[in-house]
Amino acid sequence: MTGATRHPLTVEAALGLVLANVTPVGGTEVANLLDAHGRVLAAPLRARHTQPPFIASAMDGYAVRAVDVQSLPVTLQLIGEAAAGHPFDGMLSAGQAVRIFTGAPLPDGADAVVIQENTTASGDARITIAAGTLDIEHVRPAGGDFVAGQAVLPADQALTARHLTLAAAAGYAQLSVRRKPVVAILATGDELVLPGETPALGQIVCSNPFGVAAMVRAAGGEPRLLGIAKDTTSSLEAAIAAGGDADVLVTLGGASVGDHDLVAPVLARRGMNLAFWKIAMRPGKPMMFGTLGAQHVLGLPGNPVSSLLTARLFLIPLVRALQGLPPDALPDSTATLAAPLSPNGPRTHYMRALRSRSVAGIETVTPLSSQDSSLLTPLVAANCLIVRPIGAPAASKGSQVPCITLDF
């Protein structure tokens, strides 16, 4: 435990240590557009062509020369039609008009569009424009969105549906993206069996790795399950070695530094530099963090709620940082208390709660009756966490409290 503080750190201080000196993962991959959602763009994109590539109509109506419609009413000769993908092949001259539809190129000689609502057919291939004014928004200029060579997307951002649509419009079918950080996840404990197996007396089903893996994948990482290590030095050493090439090693359970917790001693023998192993938070106090060479090591608590909560607060920001992304701001909202709260103690308390909106539009939040860190059903019933700072005084009904949206 050399160099590690023996006193519980605040959440903020612990997160600062976790994210200190994180270097984004090296290496890039090529992803098709359909597979690139959520991936982090590795290089800036420049448009491969101009969009739109021609002056286009934004409305259904008639392409005209503006000079011909200065005085109304006016009757013009209709000489053809232009539709999206089917431009008019000819030149518009004085006193002429072309029927045009949204998205079609403006014919040569035309510089304005009259919407069809302001026209009437006059027979003999003529139209009469009786009223209305020309609107520049009826015509889309060439390059109005972007021009060839223009920077359209910067690097180092997670790609959303909007980004992917723009990339496609700019001419890209594939994108260069950062390699996903690999997160090896190891459950520990003789009492654990895998889902689908029948627990013996004194055993329980191992559930935490699957929730943590889902969170890692949603954050852009690549989870790798290492299974369950027994409470023996040899089993732990073998399992930890199997995850030695991962960017992050996450152990679940055995994060305390006590007589029966073997994870920290095994990691210490492998050369881990331990930064801390206690946090002033509830639930989730026994959490360990260190580095093993270039690998980041997080030892999360074994209780399911503690495990998922500490993963959300510490592992997910680390996975984001390894992709070159900033941590998301937490807490992310406030709400009005629907019930009073007692004073808080020496640890930040993350209380499972249910947020709802009243008929009057006021968003209120109610803490759930059970805050037991071993119970998953209240966690699933909740939709947010009330954050109670260290030493927070009693809060009355109607008070504003910070909250974290449960997004896992």
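Quick notes on the rules
- Residues numbered from 1 in each chain as written.
- Predicted model: local features only at pLDDT ≥ 70, side-chain atom pairs only at ≥ 80, totals over all residues.
- Heavy atoms only, no water.
- Pairing = 2+ DSSP bridges.
- Helix = DSSP H or I, 4+ residues; strand = E, 2+ residues; numbered from the N terminus.
- Axes fitted to C-alpha atoms, helices over the stretch in contact; angles between N-to-C directions.
- Patch = residues over 30% accessible without salt bridge, like charges linked within 9 Å, V, L, I, M, F, W, Y side chains within 5 Å.
- Areas by Shrake-Rupley, 256 points an atom, 1.4 Å probe, with all protein chains shown as cover.
- Salt bridge = Lys/Arg side-chain N within 4 Å of Asp/Glu carboxyl O.
- Buried < 20%, exposed > 50% of the residue type's maximum accessible area, 1.4 Å probe, protein only.
- Core = buried A, V, L, I, M, F, W, Y, C linked by side-chain atoms within 4.5 Å.
- Contact = heavy atoms within 4.5 Å.
- Arc of directions from axis to C-beta.
- Left-handed = near helix turned anticlockwise from the far one by under 90°.
- Nonpolar A, V, L, I, M, F, W, Y, C, P; charged D, E, K, R; others polar.
- Phe/Tyr/Trp six-rings, centres within 6.5 Å; stacked < 30°, edge-to-face > 60°.
- Lys NZ or Arg CZ within 6 Å of the ring centre and 35° of its normal.
- Polar contact = N/O pair within 3.5 Å; in protein donor to acceptor, adjacent residues only side chain to side chain.

Peer 1: How do you make sense of the sheet that holds strand 17 (residues 248-252) when you look at a structure like this?
Peer 2: To summarise the sheet geometry, strands pair through backbone hydrogen bonds and adopt either a parallel or an antiparallel arrangement. Within the open sheet, the six strands sit side by side as 16-13-17-21-20-18. Their pairing is mixed. Both outer strands of the open sheet, strand 16 (222-229) and strand 18 (273-276), are each paired with one neighbouring strand and no more. With strand direction ignored, the average angle separating the axes of adjacent strands in the sheet is 20 degrees. Where strand 18 lies against strand 20 (residues 288-292), three bridges are found, and the strand directions are antiparallel. The residue of strand 20 that forms the bridge with Asn273 is Thr291.

Peer 1: Help me understand a nonpolar patch on the surface in this model?
Peer 2: Residues Leu194, Phe210 and Leu225 make up a contiguous nonpolar surface patch of about 250 Å² in total accessible area. Along the polypeptide, Leu225 turns up in strand 16.

Peer 1: Before we go on, may I ask you to explain the environment of Ser71 in this structure?
Peer 2: Here Ser71 shows up in the loop between strand 4 (61-64) and strand 5 (74-82). Assessed through its relative accessible area of 57%, Ser71 is described here as exposed. When the C-alpha positions of Ser71 and Ala130 are compared, they lie 9.5 Å apart, and in sequence the two are 59 residues distant.

Peer 1: Please explain unusual backbone geometry as it appears in this structure.
Peer 2: In terms of backbone geometry, most residues other than glycine have negative phi values and most peptide bonds are trans. The linkage connecting Leu72 with the following residue, Pro73, adopts the cis geometry, with an omega of 0 degrees. Mapped onto the secondary structure, Pro73 falls in the loop between strand 4 and strand 5. Here the residue pair Arg282 and Pro283 is connected by a cis peptide bond, since its omega of -5 degrees sits within 30 degrees of zero. Assignment of secondary structure puts Pro283 in the loop between strand 19 (281-282) and strand 20. The backbone of Ala125 shows a phi angle near 55 degrees, a positive value even though the residue is not glycine.

Peer 1: Explain the pattern of salt bridges here, please?
Peer 2: When the charged atoms of two side chains with opposite charge come close together, those side chains can pair. All chains considered together, the criterion is met by ten salt bridges. Two residues, Glu29 and Arg39, come together in a salt bridge whose shortest N-O distance is 2.7 Å. Taken together, the positions of Glu29 in strand 1 (residues 28-32) and Arg39 in the loop between strand 1 and strand 2 (45-46) put the pair ten residues apart, joining distant regions of the chain. Linked through salt bridges whose partners overlap, the residues forming this network are Arg312, Asp328 and Asp407.

Peer 1: Sorry, what's going on with the nonpolar core here?
Peer 2: Among soluble globular proteins, nonpolar side chains are generally buried collectively. Judged by nonpolar contacts, the single largest core of 42 residues is most densely connected at Val250, Leu298, Phe314, Leu315 and Tyr350. Among the elements of the structure, helix 1 (11-19), strand 13 (182-188), helix 3 (208-218), strand 17, strand 21 (295-300), helix 6 (304-321) and strand 25 (384-388) are those that each provide at least two residues to this core. Here the element with the most residues in this core is helix 6; it accounts for eleven residues. Aside from chain neighbours lying at most four places away, what touches Val250 is Val183, Ala184, Ile185, Leu186, Leu298, Leu300 and Leu315. The next biggest cluster of nonpolar side chains, apart from the first, holds 19 residues, and it includes Leu186, Leu249, Ala264 and Leu267.

Peer 1: Which parts of the structure should I look at to understand helix 1?
Peer 2: It helps to recall that an α-helix has 3.6 residues per turn; residues three or four apart then point in one direction. Inspection of helix 1 places Val11, Ala14 and Val18 among the buried residues, and these make up the whole buried set. An end-on view of helix 1 places all buried positions within 65 degrees of arc, on one side of the element. Lining the buried residues of helix 1 we find strand 18, strand 19, strand 20, strand 21, helix 6 and strand 23 (348-357). Taken from the residues just after helix 1, Asn21 is the one with a positive phi, measuring 60 degrees.

Peer 1: Sorry, what's going on with the packing of helix 1 against helix 6 here?
Peer 2: Two quantities define a packed helix pair, namely the angle between the axes and the distance from one axis to the other. At a closest axis distance of 10 Å, the pairing of helix 1 and helix 6 adopts a crossing angle of 30 degrees. The interaxial crossing formed by helix 1 with helix 6 has right-handed handedness. Of the residues in helix 6, those in contact with Val11, Ala14, Leu15, Val18 and Leu19 of helix 1 are Leu313, Phe314, Pro317, Leu318 and Ala321. When grouped by side-chain class, the residues that make up the contact of helix 1 with helix 6 number ten nonpolar, no polar and no charged.

Peer 1: Explain the environment of Ala13 to me, please; I cannot follow it from the model alone.
Peer 2: Structurally, Ala13 can be placed in helix 1. With a relative accessible area of 34%, Ala13 lands in the partly exposed category. Taking the C-alpha atoms as reference, Ala13 lies 9.1 Å from Ile279; in sequence the two are 266 residues apart.

Peer 1: Please clarify how the packing of aromatic side chains should be interpreted in this entry.
Peer 2: The geometry of two aromatic rings is summed up by the distance between their centres and the angle between their planes. If you walk through the whole model with that rule in mind, you get one aromatic pair. Ring geometry for Phe276 against Phe289: centres 5.9 Å apart, planes inclined by 35 degrees, an arrangement best described as tilted. In this pair, Phe276 sits in strand 18 while Phe289 sits in strand 20, placing the two residues 13 residues apart along the sequence. Phe289 gets classed as buried once you look at its relative accessible area, which sits at 3%. Above the ring of Tyr172, the side-chain terminus of Arg48 is found at 3.9 Å from the ring centroid. Seen from the ring of Tyr62, Arg99 lies directly overhead, with NZ or CZ sitting 5.1 Å from the centre.

Peer 1: Would you explain the side chain of Thr128 in this entry?
Peer 2: Counting through the fold element by element, Thr128 comes out in strand 9 (residues 126-129). Looking at Thr128, its side chain comes within polar contact range of the side chain of Thr75, at 2.9 Å. In contact with Thr128, not counting residues within four places along its chain, are Pro73, Val74, Thr75, Asn118, Thr119, Thr120 and Ser122.

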